[in-house]
Amino acid sequence: MVSGAAVHRSLEGRRAEVLDLVEDAYRLHGAGHTVNPPSYFLRFPDRPASRIIALPASVGGDVGVDGIKWISSFPTNVELGIPRASAMLVLNDRVTGYPFACLEGSIISAVRTAASAAVAARHLTAKRGAPRRIGFIGTGLIARYIHTYLGELGWPVEEFGVFDLNEEYARSFAGQVLGADTGTPVTVHSTAEELIRSSDLVVLATTAAAPHITDPDWFSHHPVVLHVSLRDLSTAIVLDSVNVVDDVDHVLQADTSVHLTEQQTGGRDFLHATLNDVLTGEYTVPADRTVVFSPFGLGLLDLVVGSNVHRWARAAGEVTTVDGFFHDLDRHQSAGTR
Ligand SMILES: NC(=O)c1ccc[n+]([C@@H]2O[C@H](COP(=O)([O-])OP(=O)(O)OC[C@H]3O[C@@H](n4cnc5c(N)ncnc54)[C@H](O)[C@@H]3O)[C@@H](O)[C@H]2O)c1
């Protein structure tokens, strides 16, 4: 078992390494060395806003691990003062299939999400220069992690902007998260339009279930948009942008904005590239168009980050073992009678 505290300690000071691990994981996926079946969404008729998602995956190459992330999203948790999402990550042995580790998964999930956004940001902005104005719409835990990982890119940011439906959350994020970056001015915007019009890089990390940003004109200055929450943008904006995704089959489901666009247009021509196409140079991202990155979030990223966290935690003596967990290990003789 690896506790959340041990996961946190293992990841400390390793952001650059995690960015490289996540970038390599996309390359492995692009080269066909992974198995990443569709996520399974467990939903509840009596609690329609909540869900628990199963993300099984297998990663080949040097990583060599199978496993599953089991992550719940209960948005009302925020009113209870605890994070929306909680998760466990199970790692399975490649030879025997036996689970060999169980890790607190929400930090790993947030880290792999933030690292994937930062890797995309690094490559999607390559031809246009570092963004000077970064704006966050939705100011929860994921936005906080994305801010931290974008910080690893070393951009000379001149201004941060924030907008949240709940102004108190926006102000708290501005003060506690962005305010920690001494010297960089922070503006709390009163509308999403104002924030988008004044940002070169827009991070969307809301819990919106349906598009609420609908006017393509707000994007006439052609920012890069990290559409991590996946359901914020209207079809008109998607069609007006260059669209880069993590995995085409994954992201075209569950009523994401690109899924709605596919349903409306009856095709996939509006998708320009996967992130791997960008990493390999197969697709060159234009500097004079709005670019939207929509990552569905692949279970293989959790396994890549999680298996390294397990290795780091073990080296630091931070893994708690449960002796006798697998008890009946002789096929013909009960463990109790030996
Ligand atoms: N793509 C991925 O790989 C991936 C991975 C993890 C999380 N996510 C998504 O990231 C999002 C954020 O997660 P979180 O844990 O930070 O959630 P959170 O509940 O902590 O924060 C979400 C924030 O968005 C705000 N918000 C909701 N609707 C809004 C709107 N229309 N306009 C502006 N603000 C709005 C809320 O007030 C809240 O402050 C979720 O949608 C989650 O599903 C995506």
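Further up the page is the structure itself.
Model, not experiment: these values are computed from the prediction. (Residues numbered from 1 in each chain as written. Predicted model: local features only at pLDDT ≥ 70, side-chain atom pairs only at ≥ 80, totals over all residues. Heavy atoms only, no water.)

**As for the overall build of the protein chain**
Of regular secondary structure, the protein chain possesses twelve helices and 14 strands. Here the C-alpha radius of gyration of the protein chain, 21 Å, is about what a compact globule of 338 residues would show, namely 20 Å. Its C-alpha atoms give the protein chain principal-axis dimensions of about 75 × 45 × 45 Å. Counting all 338 residues of the protein chain, 49% fall into the buried class. Looking at the protein chain alone, contacts between residues at least 24 apart form 67% of all its contacts between residues at least 6 apart. Counting every atom, the protein chain has about 15600 Å² of accessible surface; 51% of that belongs to carbon and sulfur. Side chains of the protein chain carry 26 positive and 39 negative charges; the gap between the two charge centres is 3 Å. (Helix = DSSP H or I, 4+ residues; strand = E, 2+ residues; numbered from the N terminus. Rg over C-alpha atoms; globule rule 2.2 N^0.38 Å. Buried < 20%, exposed > 50% of the residue type's maximum accessible area, 1.4 Å probe, protein only. Contact = heavy atoms within 4.5 Å. Areas by Shrake-Rupley, 256 points an atom, 1.4 Å probe, with all protein chains shown as cover. Lys, Arg positive; Asp, Glu negative; His and termini not counted. Charge placed at Lys NZ, Arg CZ, Asp CG, Glu CD.)

**Examining empty space enclosed by the protein**
Leftover empty space is mapped by rolling, across the atoms, a probe with the size of a water molecule. Summed over all chains, the structure comprises one cavity of 30 Å³ or more. Its boundaries defined by the atoms lining it, the largest cavity holds a volume of some 40 Å³. In this structure, the largest cavity is lined by R133, I134, G135, E159, F160, G161, H189, S198 and S199. Within the residue set of the lining of the largest cavity, elements represented by two or more residues are β7 (133-137) and β8 (159-163). (1 Å grid on protein atoms, 1.4 Å probe; cavity = no way out; pocket = protein on both sides within 12 Å on 5 of 7 lines; lining within 4 Å. Points joined across faces, edges and corners; volume = space filled by probe spheres on them.)

**With respect to the nonpolar core**
Of all hydrophobic cores here, the largest spans 70 residues; its most connected members are L11, V18, L124, F136, L150, L201 and L226. Broken down by element, this core gets its largest block of residues, twelve residues, from helix α4 (residues 106-124). What L11 contacts, discounting residues up to four positions off in sequence, is V18, I107, V111, V305, V309 and W312. If you look at the next biggest cluster of nonpolar residues, it comprises 28 residues, including I71, A87, F219 and V292. (Core = buried A, V, L, I, M, F, W, Y, C linked by side-chain atoms within 4.5 Å.)

**Some remarks on the pattern of salt bridges**
Counted according to the given criterion, the structure contains 17 salt bridges. The partner of D66 in a salt bridge is R94, with the nearest N and O atoms 3.2 Å apart. Here D66 is found in strand β4 (residues 65-73), whereas its partner R94 is found in the loop between β5 (85-92) and β6 (99-104), with 28 residues between them in sequence. (Salt bridge = Lys/Arg side-chain N within 4 Å of Asp/Glu carboxyl O.)

**A closer look at the environment of R43**
Following the sequence through the fold, R43 ends up in strand β2 (residues 40-43). Considered as a pair, R43 and I53 are ten residues apart in the sequence and their alpha carbons are 8.7 Å apart. Look past the residues within four positions of R43 in its chain and what remains in contact with it is S50 and R51.

**Topic: a nonpolar patch on the surface**
Judged by side-chain polarity, M1, Y98, V322, F325, F326 and L329 come together as a nonpolar surface patch covering roughly 620 Å² of accessible area. Residue L329 is classed as exposed on the basis of its relative accessible area of 53%. (Patch = residues over 30% accessible without salt bridge, like charges linked within 9 Å, V, L, I, M, F, W, Y side chains within 5 Å.)

**Brief notes about the site of the ligand**
Not every one of the 26 residues close to the ligand is listed here, only the nearest: R84, I142, D164, T206 and P295. Within the contact set of the ligand, an oxygen atom lies 3.0 Å away from a side-chain nitrogen or oxygen of R112. One of the side-chain nitrogen or oxygen atoms of H212 is found 3.4 Å away from a nitrogen atom of the ligand. Notes on the ligand: free accessible area 870 Å², of which the protein chains cover 87%. At the level of elements, α4 and α5 (141-151) are the ones that each hand at least two residues to the shell around the ligand. Split by residue class, the shell around the ligand holds 13 nonpolar, nine polar and four charged. (Near = heavy atom within 4 Å. Polar contact = N/O pair within 3.5 Å; in protein donor to acceptor, adjacent residues only side chain to side chain. Nonpolar A, V, L, I, M, F, W, Y, C, P; charged D, E, K, R; others polar.)

**Notes on the sheet that holds strand β12 (residues 242-245)**
Pairing within the open sheet is parallel, and its eight strands lie in the order β9-β8-β7-β10-β11-β14-β12-β13. The open sheet has two free edges, formed respectively by β9 (186-188) and β13 (271-274), since each of these has just one partner strand. Between one strand axis and the next, the sheet turns by 20° as a mean value, whatever way the strands run. Direction of pairing for strand β10 (residues 201-204) relative to strand β11 (residues 224-227): parallel, over a ladder of four bridges. (Pairing = 2+ DSSP bridges. Axes fitted to C-alpha atoms, helices over the stretch in contact; angles between N-to-C directions.)

**Concerning the packing of helix α1 (residues 4-11) against α4**
Closest axis-to-axis distance for the α1/α4 pair is 9 Å, and the angle between their directions is 30°. Between α1, through G4, V7, H8 and L11, and α4, the contact on the second element is made entirely by I107, I108 and V111.

**What to know about the side chain of T274**
Summarising the element assignment, T274 is placed in strand β13. Assessed through its relative accessible area of 16%, T274 is described here as buried. Once residues within four sequence positions are removed from consideration, T274 is found in contact with V244, V245, D246 and V248.

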